[in-house]
Amino acid sequence: MNKRMNTIKKVLKLTHKLQKGHISLIVINRLVNAAIPFLDIIFTSIILDQLISRVPFEVIMKNAIIIISIRAITGLFYWGMEHVIAVNSATLNEKIDQMICEKTFDIDYDILEKRETLDMIKKAEEGMNSHGNITGFCQNFAGIVEMIAKIIYSIAILVPLFIPSSYVPAGFLPQLLNKWYVVFVLVAVIIVKVATSTAINKKSQKTQQQFFIQNVRANREYGYYFNLMFEYSLGKYIRLYKSQNMVMGKVAGTLNWMEKQFISLLAGINLIQLPDFLVQFLVQGISYAFVGLKAIYGFISVGSALKYITAYGQLVDSISGISYSIIDLGIKSEYLSYFYDFMEIENKQYDGTIPTEKRDDNEFEIEFKDVSFKYANTENYVLKHLNQKIKIGTKTAIVGKNGAGKTTFIKLLCRLYEPTEGQILLNGIDIRYYDYKDYTDLFSVVFQDFNLFSFSIAENVASNGTYDEARVTDCLNRAGFTERLAKLENGIKSNIYQQEDGGVEISGGEAQKIAIARALYKDAPLVILDEPTSALDPVSEYEIYKKFDEMVEDKTSIYISHRMSSCRFCDNILVFDDGQIVEQGSHDKLLLNKGLYSELWNAQAQYYE
């Protein structure tokens, strides 16, 4: 209960912060909306009584004009407010989505890649956009205010119904109907209705929430399978390897499971809600009987009977509605709590404040000091007691078999992960103590699984919406993209892939060149190539590495490859095996050692001849 109330307070506070006045507008609009049906029933009952009493036509028309005018004014006011509220709601939802995106970008990389975090993102996204969206929460909150107003209006109208009349026809039933305490009969009916509705709504909402929780992972999996059909880059593999049946089997399996769950949900809810329908008939029967008998015995007019029956119906519905809305508000707050749970994920990385030195000579030294690392939920160490210094300005190659820990070494260096044990130092200071964004400015990295955005070429190279066109073009030319660039009608402003209108397709080699141009554009003092050319033959890979080395000749560079040809021009070669550096030195020195490097070189030598 405390968590629920805390979430409600957070939501109201957040709504006010993101869209000031939004809640107040909704409340005012709901108060006006609450009054509209009562204006209708009051004026309608008056006109009905006047028609029965044969009041002059002019008087009836006057009242009709008054009610139409008031109804038009309130209706126009409500319509105008609804438009403003709809615009505010859309803006509010956009700001919430933006918050989720910004939080996702801000989460530590090692936390983001966990399945638990992906589920939390899905819960936050679906909870905010459907079951617990913040605009629906605000409408629900204002709806409670509206129903309280309707209860007050209803009671004000119903009070005269229970004032004893001076004229009472003979008989037990007229005498009973004229007693003031008969009001308790109708109150008891309301209590039964509210108690039944409350219990049913609580059970129904809880059932729906359990359905939501059970289907979070299924929805995420289905979203992945479904999107595969539109991922045109995978289309060639699906067709060539005839994977359609496999993918459709996954889709069908997930859908069948979700369909069974949904059918079960509907059957359960319908069964739960059956008693509420029966009680509703009871309420209507008693109210119609009571008010109808009052009219028959002459206690009230026909027009008043219509007014009282309608007002009593509004009273019952409003009291039941408040009960439902309070339950729904609580359930929505639980959905919204998923959003806050996600937003309150704490990063584990130490947030340093020391700025990295801005040295003209780029003289830095990086040291791995007894560093060990293992990924979450595993006991196997990927790196073990690693000790190594890399001086800025040198050219280092990292080689070894697949799974030896080469890429993990780079991810630790770039602070995508923190060491499980040991320290990484920059000029003698633990890199955790440096400002993270400042520290990452030191690196330009092209990973093996590099990705480009379906944005313009210039935006991909600059990693920004604003850029220096001449510099972008220069980096693309240096990366070898000149020939293709000349053929593009919109040049560097051409969108790649098909997300945008007029998007152009590029080959894997061209994408690689844009990724390299991106690394060049950043102009960081330390440049890393992590096997981005692994799909090429050894000779082509060597040529690209050699060319890239010429591009960054004044910078520190680290080249990762499982091919030895990429290492010959480097100052130092680190040979990884089973998470450790087992050899290091120049190409010639390592060949003379007759160790793992020599073994790997000889195994691949035929490709270099």
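Please refer to the structure placed before this passage.
The structure contained in this document is the topic of the report that follows. All residue numbers refer to position in the chain's written sequence, counted from 1. Local features in this predicted model are restricted to residues of pLDDT 70 or higher, and side-chain atom pairs are both shown and tallied only at a pLDDT of 80 or more, whereas totals for entire chains, interfaces and linings draw on every residue. Hydrogens and water are ignored here; the side-chain numbers use all heavy atoms of the structure.

### Some details on the environment of L520
Formally: Segments assigned H or I by DSSP are reported as helices when at least four residues long, segments assigned E as strands when at least two residues long, and all are numbered from the N terminus. The buried label applies to any residue whose accessible area, calculated with a 1.4 Å probe on protein chains only, is under 20% of its type's maximum; exposed applies above 50%, and partly exposed to all values in between. Pairs of residues are marked as contacts when any of their non-hydrogen atoms sit within 4.5 Å.
Locating L520 in the fold gives a position in helix α17 (residues 508-522). Its relative accessible area of 8% is what places L520 among the buried residues. For L520, the contacting residues outside a window of four places in its chain are C475, R478, A479, F548, M551 and V552.

### So, the pattern of salt bridges
Applicable threshold: Any carboxyl oxygen of Asp or Glu within 4 Å of a side-chain nitrogen of Lys or Arg constitutes a salt bridge here.
For the coordinates displayed, the defined rule picks out 11 salt bridges. Between R478 and D474 there is a salt bridge, with its nearest N and O atoms 3.6 Å apart. Separated by four residues within a single helix, R478 and D474 lie in helix α15 (residues 469-478), roughly one turn from each other. Relative accessible area serves as the criterion here: at 33%, R478 is assigned to the partly exposed category. Since its relative accessible area comes to 39%, D474 is described here as partly exposed. Of the charged contacts, one joins E510 and R484 as a salt bridge, the two residues approaching to 2.8 Å between their closest N and O atoms. Of this pair, E510 sits in helix α17 while R484 sits in helix α16 (residues 482-487), and the two are 26 residues apart along the sequence.

### Things to note about the nonpolar core
Let me state the cut-off plainly: Here, the term nonpolar core denotes a set of buried Ala, Val, Leu, Ile, Met, Phe, Trp, Tyr and Cys residues that are joined through side-chain atoms within 4.5 Å.
With 44 residues, the main nonpolar core has L476, F548 and Y597 as its most contacted residues. Where this core is concerned, the elements lending two or more residues are β3 (395-400), α14 (457-462), α15, α17, β7 (526-530), α18 (538-551), β9 (572-577) and α20 (596-604). Take this core: its biggest share by element is eight residues, from α17. Apart from the residues within four sequence positions on either side, L476 is in contact with I457, V461, F481, T482, L485, I492, I514 and A517.

### Some points on the packing of aromatic side chains
Worth spelling out the cut-off: In this scheme Phe, Tyr and Trp rings, the latter by its six-membered ring, pair at centre separations within 6.5 Å, and the angle between planes marks the pair as stacked below 30 degrees, edge-to-face above 60, and tilted otherwise. By the criterion adopted, a ring carries a charge over it if an Arg CZ or a Lys NZ lies within 6 Å of its centre and within 35 degrees of its normal.
By the definition in use, this model includes eight aromatic pairs. Note on F373 and Y375: the rings are 4.8 Å apart at their centroids and 85° apart in plane angle, and the pair reads as edge-to-face. Residue class for F373 comes out buried when judged on its relative accessible area of 4%. Grouping aromatic residues by their ring pairs yields a cluster made of F368, F409 and F576. Sitting over the ring of Y521, R471 keeps its end group 4.0 Å from the ring centre.

### What to know about the packing of helix α2 (residues 22-52) against helix α11 (residues 302-343)
Let me state the cut-off plainly: Here an axis means a line fitted to C-alpha atoms, over the contact stretch when the element is a helix, while the angle between two N-to-C directions is reported on a 0 to 180 degree scale. Oblique is the label for any angle not covered by the other classes, which are roughly parallel (under 35 degrees), roughly antiparallel (over 145) and roughly perpendicular (65 to 115). Should the near helix be turned anticlockwise from the far one by less than a right angle, the crossing is termed left-handed; should it be turned clockwise, right-handed. Here the term charged refers only to Asp, Glu, Lys and Arg, the term nonpolar to Ala, Val, Leu, Ile, Met, Phe, Trp, Tyr, Cys and Pro, and the term polar to all other amino acids, Gly among them.
In the contact formed by α2 and α11, the axes pass within 7 Å of each other and the chain directions differ by 160°. When the interaxial angle is binned, α2 and α11 end up roughly antiparallel. Handedness of the α2/α11 crossing: right-handed. Judged by residue contacts, P37, F38, I41, I42, T44, S45, L48, D49 and I52 of α2 engage V302, G303, S304, L306, K307, T310, A311 and Q314 from α11. In terms of residue class, the contact of α2 with α11 is built from nine nonpolar, six polar and two charged.

### Topic: the sheet that holds strand β6 (residues 443-446)
Formally: Here, strands pair whenever DSSP counts at least two bridges between them.
Strand order in the open sheet made by the six strands is β6-β7-β8-β3-β9-β10, with mixed pairing throughout. The sheet terminates laterally at β6 and β10 (580-585), the two strands that pair on one side only. Along the sheet, successive strands turn relative to each other by an average axial angle of 15°, direction set aside. Where β7 and strand β8 (residues 556-560) come together, five bridges link them in parallel fashion. Bridged to L529 within β8 is Y559. Contacting β3, β9 and β10, α20 runs over the sheet at an angle of about 90° to β9.

### Quick look at the pairing of β3
With six of its six residues buried, β3 lies for the most part within the structure. Burial along β3 is two-sided: K395, A397 and V399 facing one way and T396, I398 and G400 facing the other are all buried. Relative to β8, β3 is paired through four bridges, and the arrangement is parallel. Bridging from a neighbouring strand, K395 pairs with S557 of β8. With five bridges connecting them, β3 and β9 associate as parallel partners. Bridging from a neighbouring strand, G400 pairs with F576 of β9.

### Digging into a nonpolar patch on the surface
Filter applied, for reference: Patches were defined on residues exceeding 30% relative accessible area and lacking a salt bridge, with like-charge contacts within 9 Å and nonpolar side-chain contacts (Val, Leu, Ile, Met, Phe, Trp, Tyr) within 5 Å. Accessible areas in this description were obtained via Shrake-Rupley with a 1.4 Å probe; residue shielding takes into account the shown protein chains only.
Where nonpolar side chains cluster on the molecular surface, the patch consists of F172, L173, L176, W180, Y181, F184, V187 and I191 and spans about 840 Å² of accessible area. Among the secondary structure elements, those contributing two or more residues to the nonpolar patch are α7 (172-177) and α8 (183-228). Along the chain, L176 turns up in helix α7.

### What about the side chain of D108?
Note the cut-off: When charges are counted, neither His nor the chain ends are considered; positive counts come from Lys and Arg and negative counts from Asp and Glu.
In this structure, D108 sits in the loop between α3 (57-106) and α4 (109-112). Buried and unpaired, D108 has R415 as its nearest opposite-charge partner, separated by 6.9 Å. Once residues lying within four places of it in the same chain are set aside, the contact partners of D108 are N347, K348 and Q349.

### Topic: the packing of α2 against helix α6 (residues 134-158)
With their axes 8 Å apart at the nearest point, α2 and α6 run at an angle of 30° to one another. Of the possible angle classes, the one that applies to α2 and α6 is roughly parallel. For the pair α2 and α6, the sense of crossing is right-handed. When the residues that make up the contact of α2 with α6 are grouped by side-chain class, the tally is 17 nonpolar, five polar and three charged.

### Some words on the sheet that holds strand β5 (residues 429-430)
Ordered in space as β2-β1-β4-β5, the four strands form an open sheet in which the pairing is antiparallel. The strands lining the two open edges of the sheet, one partner per strand, are β2 (383-391) and β5. The sheet contact formed by strand β1 (residues 365-373) and strand β4 (residues 421-426) spans five bridges and is antiparallel. For K369, the partnering residue across the bridge sits in β4 and is Q423. Set on the sheet, helix α12 (residues 406-413) makes contact with β1, β2 and β4; between it and β1 the angle comes to about 120°.

### Description of α2
Spelled out, the test is: Here a helix's expected span is defined as the number of its residues, less one, multiplied by 1.5 Å.
Between its terminal C-alpha atoms α2 stretches 46 Å, which fits the 45 Å expected from 31 residues at 1.5 Å a residue. Of the residues one or two after α2, R54 is the one with positive phi, at around 55°.

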